[in-house]
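What follows is the residue order along each chain.
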Amino acid sequence: MQTTIRSAVTFTGRGLHSGLRARMTVHPASAEYGIWFRRTDVIGRDAMVQAHWSSVSNARLCTVISNAAGTSVSTIEHVMAALAGCGIHNALIEIDGPEVPILDGSAAPFAAAILARGVRELGAPLRCFEILEPVEIRDGDALARLEPAETLEIDFEIDFADAAIGHQRKRLRMSNGAFLRELSDCRTFCRQADVEAMQANGLALGGTPGENAVVFDGDKVLSPGGLRRSDEPVRHKMLDALGDLALAGAPILGRYTGNRAGHAMTNRLLRALFANPAAFRIVECDDARRRLLPGTRINRSDIPAVA
């Protein structure tokens with residue numbers, strides 16, 4: 001069955017890049033609604049923006065979605081990951097600013113609040129995209145690929161010159177609360193030189209080391225309190241990938257492989273997938289398939305306790 005959140009939940013905070021404060025409320029929605037954002041501060045033009053791969057207008061530093069009227073919402077990947085990880089298929093998200101609050105830089109606050117409200121089943125079957133043949137995007141040494149698998153798996157690899165990050169790889173099957181236990185608390189990260197460059201260009205204005213981002217400088221972790229996990233960077237990349245894959249519009253049954261990939265490559269991968277009808281098919285998820293999806297067999301205790 002499709003699901004929605006049982007009752008509304010509100011989040012307030014600054015956007016990572018804009019530094020602007022926003023109030024965002026996730027509301028229940030009916031079956032077949034999908035995930036939509038509504039900019040409550042936008043007057044005189046279309047304020048509705050669908051959380052869909054075809055709506056992505058920029059994905060260089062974060063995922064930005066826009067409609068034909070130019071209304072946009074940025075940094076949606078963490079809340080989208082939380083919705084996918086909690087098994088929420090339908091919701092209306094109202095927000096009074098251009099950027100989703102960054103909160104602590106992870107998806108854990110979103111997921112914890114969603115599960116505290118509860119998940120409600122709707123009277124409609126759940127459909128999934130089953131990957132039938134590999135689809136791949138390359139950009140130099142970077143790669144993003146989808147290939148057949150029983151359920152959603154994420155295999156991610158990163159390699160940074162900074163010794164504090166270095167080479168990291170992790171692979172997870174996203175079933176039975178794996179997202180909540182293994183990825184949800186992992187924060188966005190960047191290098192100190194990148195922070196300085198972004199701030200010089202009017203970006204990363206809401207970033208605070210230790211509060212909502214992990215900052216690295218060579219062999220040092222500059223954020224007070226250090227890392228939540230020794231491989232937190234690659235786990236956060238996997239979190240981002242889940243959020244970006246959620247823009248498919250329905251759960252994916254397949255293995256996602258990312259090597260030095262980011263938001264833009266994942267969106268390009270979805271565009272390549274849906275441009276090739278032979279690469280996928282839409283299937284109705286029976287109970288056996290559904291039990292393998294993110295968001296099933298979960299509870300609040302799956303979310304790690306974070307500072």
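Conventions adopted
Residues numbered from 1 in each chain as written. Predicted model: local features only at pLDDT ≥ 70, side-chain atom pairs only at ≥ 80, totals over all residues. Heavy atoms only, no water. Helix = DSSP H or I, 4+ residues; strand = E, 2+ residues; numbered from the N terminus. Rg over C-alpha atoms; globule rule 2.2 N^0.38 Å. Buried < 20%, exposed > 50% of the residue type's maximum accessible area, 1.4 Å probe, protein only. Areas by Shrake-Rupley, 256 points an atom, 1.4 Å probe, with all protein chains shown as cover. Lys, Arg positive; Asp, Glu negative; His and termini not counted. Charge placed at Lys NZ, Arg CZ, Asp CG, Glu CD. 1 Å grid on protein atoms, 1.4 Å probe; cavity = no way out; pocket = protein on both sides within 12 Å on 5 of 7 lines; lining within 4 Å. Points joined across faces, edges and corners; volume = space filled by probe spheres on them. Nonpolar A, V, L, I, M, F, W, Y, C, P; charged D, E, K, R; others polar. Phe/Tyr/Trp six-rings, centres within 6.5 Å; stacked < 30°, edge-to-face > 60°. Salt bridge = Lys/Arg side-chain N within 4 Å of Asp/Glu carboxyl O. Contact = heavy atoms within 4.5 Å. Pairing = 2+ DSSP bridges. Axes fitted to C-alpha atoms, helices over the stretch in contact; angles between N-to-C directions.

Colleague: Now, about the overall build of the protein: what can you tell me, with residues and values included?
Modeller: Counting its secondary structure elements, the protein contains seven helices and 21 strands. For 307 residues, the compact-globule estimate of 2.2 N^0.38 gives 19 Å, and the C-alpha radius of gyration of the protein, at 18 Å, lies within 12% of that figure. For the protein, the C-alpha atoms occupy an extent of roughly 50 × 45 × 40 Å along the three principal directions. Within the span of the protein, comprising 307 residues, buried residues form 57% of the whole. Carbon and sulfur atoms make up 47% of the accessible area of the protein, which amounts to about 12400 Å² in all. Each charge class in the protein was averaged separately, 35 positive and 36 negative side chains, and the resulting centres sit 4 Å apart.

Colleague: So what's going on with the layout of surface pockets? Which residues, and what values?
Modeller: The space that makes up the second largest pocket amounts to roughly 760 Å³. His89, Leu126, Gly249, Ala250 and Pro251 are, among the 42 residues lining the second largest pocket, the residues nearest its centre. Among the elements of the structure, strand S4 (35-39), helix H1 (77-85), strand S10 (119-121), strand S11 (127-131) and helix H5 (232-245) are those that each provide at least two residues to the lining of the second largest pocket. Residues that form the lining of the second largest pocket fall into these classes: 25 nonpolar, eleven polar and six charged.

Colleague: Can you break down the packing of aromatic side chains residue by residue, with the values?
Modeller: Taken as a whole and assessed by the stated rule, the structure comprises eight aromatic pairs. Each ring, one from Phe11 and one from Phe110, has its centre 4.9 Å from the other, and the planes form 70 degrees; the classification is edge-to-face. Here Phe11, found in strand S2 (residues 9-14), pairs with Phe110, found in helix H2 (residues 108-117); they are 99 residues apart in sequence, far enough to count as distant. Ring geometry for Phe189 versus Phe216: centroids 6.1 Å apart, planes at 85 degrees, classification edge-to-face. Residue Phe189 is located in strand S16 (residues 189-191), and its partner Phe216 is located in strand S17 (residues 214-217); the two are separated by 27 residues in the primary sequence. You'll find Phe189 and Phe216 in the same group, each marked buried. Within the aromatic cluster, the residues linked to one another by ring pairs are Trp53, Phe129, Phe274 and Phe280.

Colleague: Can you lay out the pattern of salt bridges for me, pointing to particular residues and giving the numbers?
Modeller: In total, this model carries 24 salt bridges according to the counting rule given. The salt bridge partner of Glu94 is Arg38, with a shortest N-O separation of 2.6 Å. With Glu94 in strand S9 (residues 91-95) and Arg38 in strand S4, this residue pair connects regions lying 56 residues apart in the sequence. Owing to a relative accessible area of 31%, Arg38 belongs among the partly exposed residues under this scheme. Among the salt bridges present, the one from Glu130 reaches Arg281, with a minimum N-O distance of 2.7 Å. Taken together, the residues Glu130 in strand S11 and Arg281 in strand S21 (residues 280-284) connect sequence positions 151 residues apart. Given a relative accessible area of 42%, Arg281 falls into the partly exposed group. It is possible to trace a salt-bridge network through shared partners that takes in Glu136, Arg138, Arg145, Glu147, Glu153, Arg171 and Arg255.

Colleague: Help me get a handle on the side chain of Glu232, residues and values and all.
Modeller: Among the structural elements, Glu232 can be located in helix H5. Excluding its chain neighbours within four sequence positions, the residues that come into contact with Glu232 are Gln168, Asp185, Cys186, Arg187, Val214 and Leu227.

Colleague: If you had to explain the sheet that holds S4 to someone new, which residues and values would you point to?
Modeller: Within the open sheet, the five strands sit side by side as S2-S3-S9-S4-S5. Their pairing is mixed. Of all the strands in the sheet, the pair left with one neighbour each is S2 and strand S5 (48-50). Taken over all neighbouring pairs, the strand axes of this sheet differ in orientation by 20 degrees on average, direction set aside. As defined by bridge partners, S4 adjoins S9 across five bridges and the pair is classed as parallel. Opposite Trp36, over in S9, you have Leu92 as the bridge partner. Contacts from H1 reach strand S3 (21-28), S4 and S9, with the element oriented near 145 degrees to S4. Against the sheet, H2 engages S2 and S3, with an angle of about 165 degrees to S2.

Colleague: Would you mind going over the environment of Leu172 in detail, with residue names and values included?
Modeller: Along the chain, the position of Leu172 falls in strand S15 (residues 167-173). As for Leu172 and Pro224, which are separated by 52 residues in sequence, their C-alpha atoms are 28 Å apart. Here Leu172 is in contact with Leu152, Glu153, Ile154, Glu182, Leu183 and Met238, once residues within four sequence places are set aside.

Colleague: Kindly report on unusual backbone geometry, identifying the contributing residues and their values.
Modeller: Of note, the phi angle at Thr75 is positive, near 55 degrees, even though the residue is not glycine. Looking at where Thr75 falls in the secondary structure, it is placed in the loop between strand S8 (72-74) and H1. Assessed through its relative accessible area of 3%, Thr75 is described here as buried.

Coordinates in, geometry out; function isn't part of it.
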